[in-house]
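# Summary of the model geometry
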Amino acid sequence: MSGNLCHEMLNVLCPMHIVFNRNGEITSCGPTAQKIFPQGLIGRRFLDVFSIKRPRKISTLDALTANTGVRLKLQFQDMPDSQLQGVVMPGPDAGQMVVNLSLGISIIDAVSDHNLTAADFAATDLTVEMLYLVEAKSAAMEASRRLNERLQVARVEAEELALTDTLTGLKNRRAVDQELSTVLNLGTPFALMHIDLDFFKAVNDTLGHAAGDYVLQRVAGIMNNETRKVDVVARVGGDEFVILIKGTEEHAHIERIADRIITKLQSPIFFENEVCQISGSIGTVVAGDYSEPTADVLLGDADAALYAAKHAGRGCHLFFSPMMRDMPQTA
């Protein structure tokens, strides 16, 4: 077989081959080997370029040629992290040796690092099929990751929506129940305000529900502005609101918050050139006033304090006292 024909055959069947002569000098290499390893392999001694780690450390040409047909584990010395496999066999010419190399477990990184394509591997090399499978698996995992992210976002949004009043953007009664349970379990100080809008029915009856909805949205903005982000502001009924004030039980501080809200609610609200005039009545309970507070008791007593405030003339704020439990819950 002529040298040119043999070289052409090796390029097709073993594109990562390296040929060296009886002196260990590299005389030729396949197209993929040229692509992966830096230029200048030709003329260099094979054992100066590659370190052979197994089956045993080989440092001489005689030891290498004595291991023909044996699977070798090699390392390209210019790439300390490289992990190669190979087998050495006598070439067609006297004293000539052919080493066929493969990238082993580093194939995936090599494909990326050296822009390898299917044309860089032998037609019968299963590496190409393996790479397709890896790529398909990677694509499937990426698609799964993105889907999980979307599902997670959707779940969070759904949970948030389930705790939100859609008209005002405030929390709803379910959110209040959850927050109350949390602060009661933690034993942290807090106060609970129950707020009812005075004269709101007149707005709905005279100006319509669109005006009423607008007023509720403006009221939500007022309550958000007069509280902190850590506090919980919720709409729990048509014109009823609850504010959970966290971290304080100081009556004077709570009174100031209530007074600011009442003052803002008394300001006229304009809707389509019409004036919507409302006010707010507020009843408040302080958790520290109870030896063993429960959510039901606190909500019930805040409601009693609210209606006491309405009986006191509306547009005012009262803290709960036990005698309020016997007062009528109408105003």
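Scroll up to find the structure this text is about.
Remember, it's a predicted structure, so these values are computed and weren't measured experimentally. (Residues numbered from 1 in each chain as written. Predicted model: local features only at pLDDT ≥ 70, side-chain atom pairs only at ≥ 80, totals over all residues. Heavy atoms only, no water.)

## Focus on the side chain of histidine 17
- By the secondary structure assignment, histidine 17 is in strand S1 (residues 17–20).
- By relative accessible area, which is 0% here, histidine 17 ends up buried.
- There is a polar contact of 2.7 Å between the side chain of histidine 17 and the backbone oxygen of cysteine 14.
- Beyond its immediate chain neighbours, meaning those up to four positions away, histidine 17 contacts His7, Leu10, Asn11, Ser28, Cys29, Gly30, Ala33, Val98, Val99 and Asn100. (Helix = DSSP H or I, 4+ residues; strand = E, 2+ residues; numbered from the N terminus. Buried < 20%, exposed > 50% of the residue type's maximum accessible area, 1.4 Å probe, protein only. Polar contact = N/O pair within 3.5 Å; in protein donor to acceptor, adjacent residues only side chain to side chain. Contact = heavy atoms within 4.5 Å.)

## Side note on the side chain of asparagine 67
- Along the chain, asparagine 67 turns up in the loop between helix H4 (61–65) and strand S4 (72–76).
- In this structure asparagine 67 comes out as buried when scored by relative accessible area, which is 10%.
- Discounting chain neighbours no more than four positions away, the residues touching asparagine 67 are Pro55, Arg56, Ile58, Leu72 and Val88.

## Thoughts on the nonpolar core
- Met193, Ile195, Leu197, Val215, Val219, Phe241 and Ile243 are the most contacted members of the largest nonpolar core, which has 31 residues in total.
- Those elements that place two or more of their residues in this core are strand S7 (190–198), helix H8 (200–207), helix H9 (209–225), strand S9 (240–246), helix H10 (251–265), strand S10 (269–271) and strand S12 (279–286).
- Examining the composition of this core, we find that seven residues originate from one element, H9, more than from any other.
- Filtering out sequence-adjacent residues up to four positions away, methionine 193 remains in contact with Phe241, Val242, Ile243, Ile245, Ile254, Ile257, Ala258, Ile282, Gly283 and Thr284.
- If you look at the next biggest cluster of nonpolar residues, it comprises 30 residues, including Leu41, Leu61, Ala63 and Met97. (Core = buried A, V, L, I, M, F, W, Y, C linked by side-chain atoms within 4.5 Å.)

## Some words on the sheet that holds strand S3 (residues 50–54)
- Here six strands make up an open sheet; going across it, the order is S2-S1-S6-S5-S4-S3 and the pairing antiparallel. Each edge of the open sheet carries a strand with a single partner, namely strand S2 (26–29) and S3. Strand after strand, the sheet turns through a mean of 35° between neighbouring axes, direction not considered.
- In this structure, strand S5 (residues 84–90) lies alongside strand S6 (residues 97–102), joined through six bridges in antiparallel fashion. The residue of S6 that forms the bridge with methionine 89 is valine 98. (Pairing = 2+ DSSP bridges. Axes fitted to C-alpha atoms, helices over the stretch in contact; angles between N-to-C directions.)

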